[in-house]
Amino acid sequence: MIQNVPLSYVLIVSTLMFFIGIYGFLTRRNLITMLMSVELILNSVNINFVAFNRYLYPQAFQGHFFAMIVIAIAAAEAAVAIAIIINIYRNFRSIDVENVDQMKF
Amino acid sequence: MTDYTYTLLIPLIPLVFFLFIGLTGHKMKPIVSGLIGTMGLGIGAILSYITAFNYFILNHAAETGYHSIKAFDITWLHLTDKLTINLGILIDPISVMMLVVITTVSLMVHIYSLGYMKGDPGFYRFFSFLSLFSFSMLGLVLATNIFQMYIFWELVGVSSFLLIGYYYEKPSAVAASKKAFIVTRFADLGFLIGILMLSFNTGTFDFQTLVDPAGPALATKGAAAFMGMSVLTWSMIFIFMGGAGKSAMFPLHIWLPDAMEGPTPVSALIHAATMVVAGVYLVARLFPVYSLGAPDALHVVAWVGGISSLFAAVIACTQTDIKRVLAYSTMSQIGYMMLSLGVSGYGGEEGLGFMASNFHLFTHAMFKALLFLGAGAVIHAVHSNDMKDMGGLRKYLPITHITFLIACITIAGIPPFSAFFSKDEILVAAFHSNKILFAIEYFVAGLTAFYMFRLYYNIFWGKNTHYHHTPHEAPKVMTIPLMILAFGAIFAGFLPFNEWVTSDGMGLEKHTVWAIAIPSVLIGVAGILLATLFYKSETAIPDRLAGTFKNLYKWAYHKFYIDEVYLFVTKKIIFQYISAPIAWFDRHIVDGTMNGIAGVTQYVSYHIRGLQSGKLHQYAYVFVSGVVILVIIFVAFM
Amino acid sequence: MFEQITFFVIAAIILVFSVLTVTSRKILRSAVYLLFVLIATAVLYFMLNYNFLAAVQLTVYAGGIVVLIIFSILLTSHISERAVMAPLKQSLLSALATLAGATLVLMVILGFNFVPNTTPVADQTIREIGLALVSYQRDGFALPFEVISILLLAAMIGAIVVAKKEKLILPGKKEMIENTENNSEQ
């Protein structure tokens, strides 16, 4: 792979995925779709780590393991986020992020 | 050469006791604080006598002249090579004399106050302030340089403020203390300007260097002229302004009658014997500079003294408050001392005025303190200050009566009591110098005898007033100081001041000029007789006299309306046209700026708080945009 | 050549489906598109010879997280509910910020000359990965391993606590909670 596909192509993919995730986070109103955008962001970061590891430091493992840990963290975070969303649904009967605005001036 | 370092204790013991009594006095019984203060002054008095004995008698310096000795000197502030402020002790004929005067009178006042202030709730406060005053005055007279004297000058002013306003619940006392402090502070402005001019031109603060005839001060006397007078003359006049304020000379005298609001021992100590003579002491201390370098300034001194003594004597003839009469008498006598300094020359026979002035300072301290303390005993017995409430008190207050009579005879200048000698020398000096001033002083001598005996007769003779409760003689603790001071008043005239305290340290030859002495005695006797005629028994003559000279009487009774002039100038002119705009500026512009800043902050924060909307999308958007902008900045500009 | 085509296909799948995820109106469809993105990412990992990581990605991400998301969608909303899209102003501003950021990063990436390291390295076996995970030598990852296990424990407890239906009653606080319930009802 590394002979034919330059590193920058992979990085372009991950960058675009990252910013698409950000766009999704800023635009969507449903809390669960916001969570999905966050998963997109985390994924793009994973691709980044792995690509750098493979292309620039093939004999080291740091990127690989970091990506694994990020996956574990993403799973934990998704679980807690779903729990919170369930709670919000119980209190507001909807999961629109506009309802959760009590922490203001 | 005797070591005079022990003189350091004389001012420092009252200072320590001031702090001690001031901080812990409320915990001890009042009499204990009084005794501690008295003890401090007692030690000081004994040390002063020892110093005087050492300096004047033991040193046998009469042959070579009395020179000033620096007993103690430390550099306090070394700012530049030319500007250093030292603190130290200067032993010199006039400072030793003042040591004796201050400690003796202060000791008498302390003992007297043990009885006079008994039962007063602020007893320990009184004694702590008395100790503070004693420390300040002693520091003033022992100063080695003019700046140290200025420091203690201000300290004395503060002590006076604290003591005049001692009865701080009385609004009149508070007003009087404010007036005293402000007037003397205003005079001290002139003093400070004079100090700065003098030290700038001569390069030194130190007295020994300043008065040295071969030194830098007198070398500059011909230099740079401004409006016809040299810089040295101008600086000496400004310095005299400070002295005139503290000594209640015309027109800065307005605070002295009001200062009688303080307790009577305070009047005796501060406003009769010690603080008010600080101005005279200042001129005497700088006398060589005055007489050799700025003789025009000396003319100003003489005329101010003369006018003040006449002014005060006329007013004293009409006042009914006994303490006010004594206050104006003090002003008049200090006028004598200033005049005597003003007409004096330097060295030898010419320096008669200098010697006479200091001699009169000494005797005046004795008899004026005696008069005030006696008046205090009378007030203590009758509970009123006004002459109209008194009369026939000689039956009830025998000791007070006799001592008061002795003092009155002294002040009238009857030999062989002390003031005759001192006043006579003053008249001789005046005669040889300026006949007009002599004539003024001669007339004032007569007036002095007249109004003092008017006071005496109105209190102790005159009508038989009916008293609500029989006045009783003062307790022994109050009469013993009276007796001691009376002793001093009688016999102090025999001290050989002509050997000890002269303008250049060498002794003067003393001879009585009968041509002046006899007329002065005669006019004194004439004054006494006139007063006896008017006031010994109740007659209608004074009222008829007041009726014929209605305008003069009215003007004199209202103290020549000087207070009203001051009030007019301050209230109508200064307050309205200077203070009010400045206050407006402070309130609206300075405060307005502060309030404006606060208001702007409030406005901005109110409108910014919309940023905390609680909306998650807004937070995320701001976050992302912020990061992007930061990166752009970093990438583009670095 | 073959790899290039595969890569471009995978990249296209990733980008297209991620765009669809964030712009779809139906929530369930967004979840499915996300699933496709995650599977494509796993294929990308396979191509990079990280087999174990790809397997983990499929198992945890695609198999665990997406399933969880679908469950919660079903719990909290109608299946056919159409999502309300953001107002135009918000969309435009976000797009602007996003585009600016993307441009910036792409400029940086394309402007840098990456020199690939072509030393041939043996592929990792699971055995090596496992040993590295618990190794506390210099190259070991024991510490992150332990930390992540604690994090997972905390997340588990947190999720249980947050999502419980009735309040968690500790001994002695029963009266306090009843009082607060009474007060809040008033």
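Note that this is a predicted model, so its numbers are computed, not measured. (Residues numbered from 1 in each chain as written. Chains lettered and ligands numbered in written order. Predicted model: local features only at pLDDT ≥ 70, side-chain atom pairs only at ≥ 80, totals over all residues.)

Secondary structure assignment for chain C yields seven helices and zero strands. Counting from the amino terminus, chain C carries its helices and strands in the arrangement α-α-α-α-α-α-α. Each of the 186 residues in chain C was classed as buried or not, and the buried ones make up 20%. Counting contacts in chain C only where the partners sit at least 6 residues apart, residues at least 24 apart contribute 45% of the total. (Helix = DSSP H or I, 4+ residues; strand = E, 2+ residues; numbered from the N terminus. Buried ≥ 20, exposed ≤ 12 C-beta atoms within 10 Å, placed from the backbone. Contact = placed C-beta atoms within 7 Å.)

A tally of helices and strands in chain A yields three helices and zero strands. Listing the helices and strands of chain A from first to last along the sequence gives α-α-α. Relative to the globule expectation of 13 Å for 105 residues, the C-alpha radius of gyration of chain A, 17 Å, shows a markedly less compact shape. Dimensions along the principal axes, computed over C-alpha positions, put chain A at roughly 55 × 25 × 25 Å. Each of the 105 residues in chain A was classed as buried or not, and the buried ones make up 51%. (Rg over C-alpha atoms; globule rule 2.2 N^0.38 Å.)

A separate point is the interface of chain A and chain B. Listed by partner, the interface residues are 11 residues for chain A and 10 residues for chain B. Residue composition of the side of chain A that touches chain B, grouped by class: seven nonpolar, one polar and three charged. (Nonpolar A, V, L, I, M, F, W, Y, C, P; charged D, E, K, R; others polar.)

Next up on the list: the interface of chain A and chain C. Between chain A and chain C, the residue contacts involve 61 residues of the former and 67 residues of the latter. A total of 21 residues in the side of chain A that touches chain C trace back to one element, the largest contributor, which is helix α3 (residues 62-92) of chain A. Classifying every residue of the side of chain A that touches chain C gives 45 nonpolar, 12 polar and four charged.

Next up on the list: the pairing of strand β1 (residues 69-78) of chain B. All names here are of chain B. Two strands pair when backbone bridges link them, and β1 and strand β2 (residues 84-91) are joined in this way by eight bridges, in the antiparallel orientation. Directly across from Ile 74, in β2, lies its bridge partner Leu 87. Between β1 and β2, which pair antiparallel and follow one another directly, the connecting turn spans five residues. (Pairing = 2+ DSSP bridges.)

Turning our attention to the packing of helix α2 (residues 31-56) of chain A against helix α2 (residues 27-47) of chain C. Contact geometry of α2 of chain A with α2 of chain C gives a least axis separation of 11 Å together with a crossing angle of 10°. Classified by the angle between their axes, α2 of chain A and α2 of chain C sit roughly parallel to one another. Counted together, Ile 32, Thr 33, Met 36, Glu 39, Leu 40, Asn 43, Ile 47 and Val 50 of chain A of α2 of chain A and Ile 27, Ser 30, Ala 31, Leu 34, Val 37, Leu 38, Thr 41, Leu 44 and Tyr 45 of chain C of α2 of chain C form the full contact between these two elements. Looking at the contact of α2 of chain A with α2 of chain C residue by residue, the classes come out as 12 nonpolar, four polar and one charged. (Axes fitted to C-alpha atoms, helices over the stretch in contact; angles between N-to-C directions. Parallel < 35°, antiparallel > 145°, perpendicular 65-115°, else oblique.)

With the exception of glycine, the majority of residues adopt a negative phi angle, and the majority of peptide bonds are in the trans configuration. Residues and elements named next belong to chain B. The omega angle of the peptide bond from Phe 250 to Pro 251 is -5°, so this bond is cis rather than trans. One can find Pro 251 in the loop between α9 (231-246) and α10 (255-258). With an omega of -5°, the peptide bond running from Pro 415 to Pro 416 counts as cis. Mapped onto the elements, Pro 416 comes out in the loop between α17 (398-411) and α18 (418-433). Positive phi outside glycine occurs at Phe 560, with the angle close to 60°. Position of Phe 560 among the secondary structure elements: in the loop between α24 (550-557) and α25 (562-608).

On to the nonpolar core, then. If you look at the biggest cluster of nonpolar residues, it comprises 205 residues, and the most contacted ones within it are Val 280, Val 283, Ala 369, Leu 370 and Ala 489 of chain B. Those residues in contact with Val 283 of chain B that sit more than four places away from it in its chain are Phe 240, Gly 243, Tyr 290, Val 301 and Leu 341 of chain B. In this structure, Leu 16 and Ile 71 of chain A together with Leu 38 and Ala 155 of chain C belong to the second largest nonpolar core, which totals 67 residues. (Core = buried A, V, L, I, M, F, W, Y, C linked by C-beta atoms within 7 Å.)

With that out of the way, let us pick up the environment of Ile 41 of chain A. All names here are of chain A. Structurally, Ile 41 is set in helix α2. Judged by the 18 C-beta atoms lying within 10 Å of it, Ile 41 falls in the partly exposed class. Once the C-alpha coordinates of Ile 41 and Ser 14 are considered, the two residues, 27 residues apart in sequence, prove to be 8.9 Å apart. The contacts of Ile 41, once residues within four sequence positions are left out, are Phe 18, Gly 21 and Ile 22.

The next thing to look at is the confidence of the model for chain C. Residue and element names in this part refer to chain C. With 86% of its residues at a pLDDT of at least 70, chain C reaches an overall mean of 85. Looking across chain C, the model is least confident in helix α7 (residues 174-185), with a mean pLDDT of 59, and most confident in α2, with 94. What the predictor reports for the complex is a pTM of 0.70 with an ipTM of 0.92. (pLDDT = per-residue confidence, 0-100.)

Let us look at the packing of α2 of chain A against α3 of chain A. All names here are of chain A. Interaxial distance between α2 and α3 falls to 9 Å at its minimum, and their mutual angle equals 175°. Here α2 lies roughly antiparallel to α3, going by the angle between them. Along the contact surface, α2 presents Leu 31, Ile 32, Leu 35, Glu 39, Leu 42, Val 45, Asn 46, Phe 49, Val 50, Phe 52 and Asn 53, while α3 presents Gln 62, Gly 63, His 64, Phe 66, Ala 67, Val 70, Ile 71, Ala 74, Ala 78, Ala 81, Ile 85 and Ile 88. Class assignment for the residues of the contact of α2 with α3 results in 17 nonpolar, five polar and one charged.

Residues and elements named next belong to chain B. As for its position among the elements, Glu 350 is in the loop between α15 (322-342) and α16 (352-382). The partly exposed category is assigned to Glu 350, around which 18 C-beta atoms lie within 10 Å. It is 8.4 Å that separates the C-alpha atoms of Glu 350 and Ala 429, two residues lying 79 residues apart in sequence. Not counting residues within four places of it along the chain, the set of residues in contact with Glu 350 comprises Ser 344 and Gly 345.

Here we come to the confidence of the model for chain A. Note that predicted coordinates carrying low pLDDT should not be read in detail. Here chain A averages 90 in pLDDT, while 98% of its residues score no lower than 70. For chain A, α3 of chain A is the element with the lowest average pLDDT, namely 91, and helix α1 (residues 7-27) of chain A is the one with the highest, namely 94.

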